[in-house]
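Fold and geometry: a report
Read off the chains here:
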Amino acid sequence: MIGKLKGLLDEIGEDHCVIDVGGVGYVAFCSARTLGALPGPGEAVSLFIETYVREDMIRLYGFRTHLEREWFRLLQSVQSVGAKVALAVLSTLTTSELANAIALRDITMVSRAPGVGKKVAERIVTELKTKAPAFAGEATGTIGLKQELGEGVAPTPVADAVSALTNLGYSRDIAANAVAAALKEAGEGADSAKLIRLGLKELAR
């Protein structure tokens, strides 16, 4: 099994790249985000690899980070989600955005990925809601609050402050981040008016 490739980038295709490792070209299928972050042909590149072995083929999937590969595996634990859909999700959302969307139960956000309808997005959100925090990456600091919001059990001042900011046109994710920062500054006992004021201040930075 191949777990990582390190070599020179030979070419970039629509959904894959070719990495030259000691004169052997390995084709790795990647998300659009991974392909967009690759260097130019001839430059050094390193990708984490997930190897799929079937009776009629061997296919490699490449990822910039270990966390992205973990999400690729995690997404495929959901019914009706295969490698193609998992890559589509990772092409559309960063790992942090995906963790946040699942925590907030934001089905619309997940269904933005090509080939992911509302039913599949709902399955992803439902089946991964307890697993997402362990793979939140940069979103780890606010994932707990977003889960409370998604499940409707967040403290009333917090929920009201997030609602107020979303009514001003901010996405629920951005509003939740701002209120989380406000809550950290104001303390657990802060009322919604104070959280809104501090949240707006955070958004203005």
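Shown above is the structure to which this text applies.
Anyway, here's the lowdown on the structure attached to this text. Keep in mind that what you see is a predicted model, and the values were worked out from it rather than measured.

Reading the values: the criteria
- Residues numbered from 1 in each chain as written.
- Predicted model: local features only at pLDDT ≥ 70, side-chain atom pairs only at ≥ 80, totals over all residues.
- Heavy atoms only, no water.
- Helix = DSSP H or I, 4+ residues; strand = E, 2+ residues; numbered from the N terminus.
- Buried < 20%, exposed > 50% of the residue type's maximum accessible area, 1.4 Å probe, protein only.
- Contact = heavy atoms within 4.5 Å.
- Areas by Shrake-Rupley, 256 points an atom, 1.4 Å probe, with all protein chains shown as cover.
- Lys, Arg positive; Asp, Glu negative; His and termini not counted.
- Charge placed at Lys NZ, Arg CZ, Asp CG, Glu CD.
- Salt bridge = Lys/Arg side-chain N within 4 Å of Asp/Glu carboxyl O.
- Pairing = 2+ DSSP bridges.
- Axes fitted to C-alpha atoms, helices over the stretch in contact; angles between N-to-C directions.
- Disulfide = S-S within 2.5 Å.
- Parallel < 35°, antiparallel > 145°, perpendicular 65-115°, else oblique.
- Left-handed = near helix turned anticlockwise from the far one by under 90°.
- Nonpolar A, V, L, I, M, F, W, Y, C, P; charged D, E, K, R; others polar.

1. A short note on the overall build of the protein chain
Across its full length, the protein chain holds ten helices and five strands. For the protein chain, the C-alpha atoms occupy an extent of roughly 65 × 35 × 25 Å along the three principal directions. Every one of the 205 residues in the protein chain was classed for burial, and the buried ones make up 43%. Sequence separation of 24 or more characterises 52% of the internal contacts of the protein chain that already satisfy a separation of 6 or more. Counting every atom, the protein chain has about 10,500 Å² of accessible surface; 51% of that belongs to carbon and sulfur. When the 23 basic and 24 acidic side-chain charges of the protein chain are each reduced to a single mean position, those positions are 4 Å apart.

2. A few points about the pattern of salt bridges
Counted by the stated rule, this structure contains four salt bridges. Between Glu97 and Arg33 there is a salt bridge, with the nearest N and O atoms lying 3.7 Å from each other. Taken as a pair, Glu97 in helix H4 (residues 95–103) and Arg33 in helix H1 (residues 32–36) lie far apart in primary sequence, 64 residues in all. We classify Glu97 as partly exposed; its relative accessible area is 32%. Residue classification places Arg33 among the partly exposed positions, given a relative accessible area of 32%. The closest approach of N and O atoms between Glu50 and Arg73, which form a salt bridge, is 2.8 Å. Placement of the pair is Glu50 in strand S4 (residues 44–53) and Arg73 in helix H2 (residues 66–75), with a sequence separation of 23 residues. A relative accessible area of 13% places Glu50 in the buried class.

3. Describing the sheet that holds strand S2 (residues 16–21)
In spatial order, the strands read S1-S2-S3-S5-S4; together these five strands close into a barrel with mixed pairing. Direction aside, neighbouring strands of the sheet carry axes that sit 55 degrees apart on average. Pairing of strand S3 (residues 24–30) with strand S5 (residues 58–63), which is carried by three bridges, proceeds in the parallel orientation. If you follow Ala28 over to S5, its bridge partner there is Leu60.

4. Some thoughts on the state of the cysteines
Under the defined criterion, the tally for this structure stands at zero disulfides. Sulfur of Cys17: no disulfide; nearest cysteine sulfur belongs to Cys30 and is 4.0 Å away. The class of Cys17 is buried, set by a relative accessible area of 0%. What makes Cys30 buried here is its relative accessible area of 5%.

5. Comments concerning H2
Most of H2 sits out of view: seven of its ten residues are buried. Among the residues making up H2, those that are buried are Glu68, Arg69, Glu70, Trp71, Phe72, Leu74 and Leu75. Elements that come into contact with the buried residues of H2 comprise H1, S4, S5, helix H3 (83–92), H4 and helix H6 (118–128).

6. A short note on the packing of helix H9 (residues 172–186) against helix H10 (residues 192–203)
At their nearest, the axes of H9 and H10 sit 8 Å apart, and the two run at 115 degrees to each other. One way to sum up the angle between H9 and H10 is to call them roughly perpendicular. Two packed elements cross with a definite hand, and for H9 against H10 that hand is right-handed. For the pair H9 and H10, the contacting residues are Ile174, Ala178, Ala181, Ala182, Leu183, Glu185 and Ala186 in the first and Lys194, Leu195, Leu198, Gly199, Glu202 and Leu203 in the second. For the contact of H9 with H10, a count of residues per class yields nine nonpolar, one polar and three charged.

Note that all results are geometric; they support no functional claim without further evidence.
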